[in-house]
Amino acid sequence: MIGARKLSHEIRRLLSERITLLFMAIIATGAVWYSINGSGRTASDAFIVNAAKNSAFLGALLFALLTLLQFHRDFRHNTNDIILTSTDPIHHQVRKTLALICAAIVTSLLISLFALPYGMVKTGSYFQPATFLTAWYLIFLAALVFAVLLTSGFYMLTGHWETTSVIMAGLILLSKLLESMHANSEYLLYWVQTTAGNFSDVITNRFQIDMLLWNRLFCLLVSLSIWTLGLCSFRRCGLGLFSSFRMNCSRLWIPLFLTSSIILSGVSYACEPIFDDSKPIDYSGMIKTDTGETVITVVADTPEVANPELMLTEKAFDLDVSTKKRTLSGTAEYRLMNGSGKAQTLPVQTNTGINIDSVVINGIEGKATRGETGENSTANWRIELPSAYEYVIRICYSGRMLNNNTSDQRVTYGISDGYIWLPADGITPHLDISVSDECSFYGNLLLNEKLEPFFLHGNTIKGGTRNGKTQWQYTGSPDAMGISLFAAEYMTETFEAGGLNAELKYFAKHESSVRDMDAANVIKAAIDYFTEVYGPLFYDKHLTILELPAYFSGGFAGGSTSAVDETVFSPKGYIPAESPHSGGGIDVLVHEIAHQWWGIATMPVQDNTSFWSSEGITCYSTYCFLKEYLGEDYVQENYINEWQHNWEIYKNAFYIQHPEYLEKLSDKDVSNIMGSFQGMKLYNIMPLMMLKAEDALGGTEALQKKLSELYMSHMGQLITYDDFLAATGLTEEAISLE
Amino acid sequence: MRIELKHLQKKYKGGKTAVKDISLTLASPSLVGLVGPNGAGKSTLMKLLTGNLLPGSGEILVDGQPLLKNEKQFKSSLGYLPQEFGLFEDLTTEEFLDYMAALKCIERRTAKSEIDRVITVTHLEDKRKAKIRTLSGGQKQRVGIAQALLGEPKLLILDEPTAGLDPAERVSFRNLFAEAARNRLIILSTHIIEDVQSACDMLIVLDRGEIRFTGTPDELMKMKNVSSLENAYMALMEGRDSE
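A quick note: this is a predicted structure, and the numbers were derived from the prediction, not measured.

What counts and how
Residues numbered from 1 in each chain as written. Chains lettered and ligands numbered in written order. Predicted model: local features only at pLDDT ≥ 70, side-chain atom pairs only at ≥ 80, totals over all residues. Heavy atoms only, no water. Helix = DSSP H or I, 4+ residues; strand = E, 2+ residues; numbered from the N terminus. Contact = heavy atoms within 4.5 Å. Buried area = accessible area lost by both parts, 1.4 Å probe. Salt bridge = Lys/Arg side-chain N within 4 Å of Asp/Glu carboxyl O. Polar contact = N/O pair within 3.5 Å; in protein donor to acceptor, adjacent residues only side chain to side chain. Pairing = 2+ DSSP bridges. Axes fitted to C-alpha atoms, helices over the stretch in contact; angles between N-to-C directions. Phe/Tyr/Trp six-rings, centres within 6.5 Å; stacked < 30°, edge-to-face > 60°. Buried < 20%, exposed > 50% of the residue type's maximum accessible area, 1.4 Å probe, protein only. Lys NZ or Arg CZ within 6 Å of the ring centre and 35° of its normal. Expected span 1.5 Å × (residues − 1). Bend = angle between axes of the 7 residues up to and from the residue.

**What about the side chain of Arg-73 of chain A?**
Next up, step 1: Here Arg-73 of chain A is to be found in helix α3 (residues 43–76).
Next up, step 2: Residues contacting Arg-73 of chain A, with those up to four places away along its chain left out, are Arg-13, Glu-17, Leu-68, Asn-78 and Thr-79 of chain A together with Phe-88 of chain B.

The following block contains the structure:
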């Protein structure tokens with residue numbers, strides 16, 4: 001009670017000070033300004049998350065300064081002489097820190113008075129309370145709290161305001177600098193604004209919130225460690241650092257708290273539960289882009305399997321997904337042929353978060369041994385098989401998805417109550433062996449009744465209910481590694497286009513936007529156009545356009561599915577975009593549909609000498625459709641001008657003009673520099689070359705005719721640059737931009 | 001309350017010895033005057049007595065116990081006015097005293113009457129609602145004295161309490177301290193001999209960290225055979241450089 005009374009007086013004292021009120025007012029004004037002038041890819045980002053992130057930077061800066069002023073002023077003005085003689089000095093430092101944290105809470109609450117109604121009005125039906133709370137309390141408020149803890153900790157530790165100022169300015173700016181550089185490799189370290197972004201308007205943001213929660217837990221524990229270290233070092237009785245440390249640590253709770261917080265910081269870092277220990281992907285021979293868009297890279301040869309002596313003939317699974325526990329458990333049964341009949345090692349791959357609980361081989365219990373983690377969240381397992389010509393192997397597995405810790409540390413895979421995305425080796429363990437052409441693959445999936453599954457390859461039929469969940473029956477192809485499972489509350493619109501049964505699967509919350517945009521007709525028009533211009537898609541009778549969450553940032557085409565993120569379906573002008581050329585909308589939608597012709601049905605293969613790839617021809621195809629659909633002016637502004645602008649940047653780039661300097665650099669530097677130009681080469685320069693090809697051949701129709709011939713003659717095959725030149729009858733020089 | 005100083009010594013980092021082997025006993029009720037030239041070690045001794053400094057050697061016993069052993073209990077019975085101090089400028093006089101009353105663990109139900117009492121004795125009634133930043137230097141000094149008096153502490157340590165006060169106020173506070181010393185121990189550090197002569201029943205003269213005299217003011221005058229304490233003090237200090 002006495003402690004609470006002292007704390008309440010400390011809070012009142014702090015909140016009565018003009019400097020505190022001034023700082024709170026500045027932060028609140030900043031928050032209002034950032035809210036009104038926000039931008040982003042989704043309404044949640046533009047009107048809520050980005051405002052909170054920007055305010056967190058301002059708030060952390062000012063609360064660090066306020067903390068420093070509070071602590072240093074009491075020392076400089078000898079206020080401590082009176083105060084610390086009247087009360088316990090250590091308890092007083094604790095109260096001062098808590099009072100500053102309370103001021104931070106009051107600031108957040110005050111800002112919420114504006115930000116909550118503003119966010120609700122601007123995001124409308126897309127408003128998600130969890131997003132608001134995450135933005136303003138998990139990002140903004142937590143940044144202020146960490147600023148208080150770190151500043152007070154460093155001040156008590158060093159005893160110098162100058163040193164503390166430099167440290168805090170460094171920590172804040174470093175966090176900001178790394179965030180702005182998109183150096184996301186260690187998301188736990190970004191304590192101010194975090195790496196949060198691409199919050200969805202239409203589905204749960206559970207995956208991003210998971211990351212933020214762990215980031216905040218780690219940062220809190222580190223901040224508490226530094227603060228407690230400062231408390232241990234608080235100079236008392238005219239003693240120096242070490243004597244004060246010894247004296248303060250005579251209170252057992254302080255060293256205990258310090259030790260606990262340091263240990264827990266380490267544990268929280270080491271046991272980070274979202275990302276795994278994947279090996280970095282070997283990009284040698286592949287292309288790295290700086291655009292953030294996915295480049296489809298066609299692999300020329302069929303990938304080798306680890307044990308070609310074994311052949312899969314049948315695969316069945318029974319998978320139960322718990323959205324409550326956010327885990328899955330399943331059983332997979334495999335039938336294998338062993339040509340030699342000798343004992344074999346069965347290579348198995350799972351997602352790194354999946355554990356193989358038990359193995360039964362031909363009715364006898366076996367053992368799975370986990371080996372090294374590979375690339376792309378692949379855990380490699382080994383099962384020793386006895387001598388036999390045929391095997392029936394039953395594997396029980398369970399776990400929670402882990403994501404690739406390399407690249408940009410984006411949460412892609414996971415299970416939540418509103419959205420599920422599982423990779424192929426997260427659905428069932430993948431056997432790295434040969435697959436028979438007649439191999440069948442089927443299974444049952446148990447899912448929360450409000451979620452509808454969508455497999456990237458294969459068909460799903462809704463069955464009855466089991467254990468209070470809906471059972472879905474799946475049949476598909478077992479050799480498809482990109483068999484990903486998606487599940488959400490989808491709405492489906494089906495229609496005929498280009499002789500195909502097309503369907504648009506979008507998030508239920510996006511119904512009005514999809515209708516307003518007339519998305520189904522855009523898709524139908526695009527499919528009809530490409531079918532007419534290039535030829536029909538033969539490989540499947542179905543084509544699905546699937547909506548993805550905003551965090552995917554872009555789109556992809558795989559199998560008979562073209563997927564685009566939710567920003568495609570935002571009404572134009574509704575969200576203030578970060579860049580006028582940030583893409584999105586109809587362009588991405590058409591681009592991913594065009595990939596069905598160039599990238600899926602045929603495979604324009606990238607090489608290291610030309611700018612040829614599926615991206616260039618897909619961009620060109622998108623341009624052609626939009627020229628007809630939206631008119632010359634639209635494509636001039638959004639395509640040709642943009643391509644030419646980037647071509648100018650490319651040809652004037654220092655290392656392009658002076659390639660001799662590249663010889664002086666290391667291979668890695670050369671690779672990074674040249675890699676940074678790849679986006680321009682694929683997405684801008686190659687389409688410009690196609691325009692030049694149009695001119696050389698006598699117009700759009702002439703080139704499209706040649707492309708149609710190329711498409712029809714290379715169905716299901718690779719298309720090289722030479723194939724393209726041969727089909728069009730053009731030379732490299734004829735379409736060169738130089 | 002009984003305070004025993006045993007072979008107390010304090011040396012600062014630069015090598016300067018501020019207090020040299022001081023041993024003495026102070027017991028309530030008493031008003032002890034601590035005088036000495038600038039740099040004599042008065043403030044250092046005060047800080048040692050309040051626990052704001054730790055001695056290099058020797059010890060301070062409060063009622064037989066080492067000072068910092070019962071820090072919490074000791075602080076609850078201590079009122080301290082440092083020579084130089086800062087106040088929270090954005091609080092009013094009453095708010096500041098309320099804040100200090102909470103820090104001193106004065107019960108909520110008695111805090112108000114206690115605040116009223118110290119405001120009255122320090123003549124701050126008309127400044128009760130005034131922000132501290134609007135007070136004059138003398139008024140701030142009175143707020144400092146008021147906070148020291150809060151809770152009627154058994155031990156009052158006042159470092160130059162009348163500095164900055166006008167003559168009338170000085171007399172008034174001198175009387176206040178004399179009155180208060182009837183049932184507690186007050187240690188008054190000052191360079192104003194007048195303050196000591198009229199109010200203190202014990203005088204300690206400190207010079208270069210050492211005690212040059214301990215006794216009553218009358219005893220010092222008698223020793224130096226002069227009629228005023230000021231002259232006795234001057235006589236005591238004369239020729240100290242050659243000693």
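Back to the text.
**Remarks on the interface of chain B and chain A**
Next up, step 1: Listed as interface residues are 32 residues of chain B and, on the opposing side, 31 residues of chain A.
Next up, step 2: Area buried by chain B at its contact with chain A is led by Phe-88, Tyr-99 and Leu-103 of chain B, which between them contribute 22% of it.
Next up, step 3: Linking chain B with chain A are two salt bridges, by the criterion used here.
Next up, step 4: The partner of Arg-18 of chain A in a salt bridge is Asp-90 of chain B, and the shortest N-O contact between them spans 3.7 Å.
Next up, step 5: Linking chain B to chain A there are ten residue pairs in polar contact (both at pLDDT 80 or more).

**Thoughts on the sheet that holds strand β1 (residues 307–322) of chain A**
All names here are of chain A.
Next up, step 1: The mixed open sheet is built from eight strands, whose spatial order is β5-β4-β8-β2-β1-β12-β15-β14. Looking at which strands have only one partner, the edges of the open sheet turn out to be β5 (364–366) and β14 (459–466). Within this sheet the neighbouring strands show an average axis-to-axis angle of 20°, counted without direction.
Next up, step 2: Where strand β12 (residues 433–447) lies against strand β15 (residues 469–476), seven bridges are found, and the strand directions are antiparallel. Its bridge partner lying in β15, Leu-446 is registered against Gln-471.

**Focus: the sheet that holds strand β10 (residues 420–422) of chain A**
Residues and elements named next belong to chain A.
Next up, step 1: Reading across the sheet, the four strands line up as β9-β10-β16-β13 and stay open at both edges, with antiparallel pairing between neighbours. The sheet is open, and its two edges are formed by β9 (414–415) and β13 (452–455), each paired on a single side.
Next up, step 2: Looking at chain direction, β10 and strand β16 (residues 485–488) are connected through three bridges and run antiparallel. Paired with Ile-420 across the two strands is Ala-487, which belongs to β16.

**Side note on the packing of aromatic side chains**
Remark: the centre distance and the inter-plane angle together describe each pair of aromatic rings, the angle taken between the planes.
All names here are of chain A.
Next up, step 1: Enumeration over the complete set of coordinates arrives at 44 aromatic pairs over all chains.
Next up, step 2: Aromatic side chains Phe-530 and Phe-625 sit 6.1 Å apart centroid to centroid with 45° between the ring planes, which places their arrangement in the tilted category. Separated by 95 residues along the polypeptide, Phe-530 in helix α13 (residues 519–533) and Phe-625 in helix α15 (residues 614–630) bring together distant segments of the chain. Here Phe-530 matches Phe-625 in class, with each residue buried.
Next up, step 3: The ring of Phe-71 carries the charged tip of Lys-96 above its face, separated from the ring centre by 4.4 Å.
Next up, step 4: Just above the ring of Phe-441 sits the side chain of Lys-315; from NZ or CZ to the centre is 4.7 Å.

**Quick look at helix α19 (residues 678–697) of chain A**
All names here are of chain A.
Next up, step 1: Given a rise of 1.5 Å per residue, 20 residues ought to cover 28 Å, and the 27 Å separating the end C-alpha atoms of α19 matches this to within 8%.
Next up, step 2: At Ile-685, α19 is deflected by roughly 30°, the largest bend along its length, and proline Pro-687 occurs up to four residues later in sequence.
Next up, step 3: Where burial is concerned, most of α19 is hidden: 16 out of the 20 residues are buried.
Next up, step 4: Just downstream of α19, Gly-698 is the residue with a positive phi angle, here 105°.

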